[in-house]
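# A structural walkthrough
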Amino acid sequence: MPRALITGITGQDGLYLSELLLSKGYEVFGLIRGQNNPKHDLVRATVPGCSSSPAT
């Protein structure tokens, strides 16, 4: 299975790219700036197959 790392996954382009790659069978990982980023829940809800981690 191909893998992709998306930096800035909480942005509009990052969310669209993660959805596209998941639909094509990719294993998607995303970096989120800041531990208290308010969009972290949005990413989990929009792209449940994505693994996300806060970038420190």
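Data block above holds the structure.
Residues numbered from 1 in each chain as written. Predicted model: local features only at pLDDT ≥ 70, side-chain atom pairs only at ≥ 80, totals over all residues. Heavy atoms only, no water.

To continue, consider helix H1 (residues 12-23). The first and last C-alpha atoms of H1 sit 17 Å apart over twelve residues, in line with the 16 Å expected at 1.5 Å per residue. Packed against the buried residues of H1 are strand E1 (3-7), strand E2 (27-33) and helix H2 (40-46). Positive backbone phi, approximately 95 degrees, marks Gly25, located one or two places after H1. (Helix = DSSP H or I, 4+ residues; strand = E, 2+ residues; numbered from the N terminus. Expected span 1.5 Å × (residues − 1). Contact = heavy atoms within 4.5 Å.)

Along the chain, Thr10 falls in the loop between E1 and H1. When the C-alpha positions of Thr10 and Pro38 are compared, they lie 9.3 Å apart, and in sequence the two are 28 residues distant. Setting aside anything within four residues of it in sequence, one finds Thr10 in contact with Leu15, Ile32, Asn37, Lys39 and Val43.

Looking now at the pattern of salt bridges. Counted according to the given criterion, the structure contains two salt bridges. Between Glu27 and Arg3 there is a salt bridge, and its shortest N-O distance comes to 3.2 Å. Residue Glu27 is located in strand E2, and its partner Arg3 is located in strand E1; the two are separated by 24 residues in the primary sequence. For Arg3, a relative accessible area of 63% puts it in the exposed group. Of the charged contacts, one joins Asp41 and Arg44 as a salt bridge, the two residues approaching to 3.3 Å between their closest N and O atoms. In this pair, Asp41 and Arg44 are both assigned in helix H2, three residues apart and thus about one turn of the helix distant. (Salt bridge = Lys/Arg side-chain N within 4 Å of Asp/Glu carboxyl O. Buried < 20%, exposed > 50% of the residue type's maximum accessible area, 1.4 Å probe, protein only.)

Here three strands make up an open sheet; going across it, the order is E1-E2-E3 and the pairing parallel. The sheet is open, and its two borders are formed by E1 and strand E3 (51-55), each paired with just one other strand. Each neighbouring strand pair of the sheet contributes to a mean axis angle of 20 degrees, computed without reference to strand direction. One ladder, built from five bridges, connects E1 with E2; its direction is parallel. Bridge pairing in E2 links Ala4 to Val28. (Pairing = 2+ DSSP bridges. Axes fitted to C-alpha atoms, helices over the stretch in contact; angles between N-to-C directions.)

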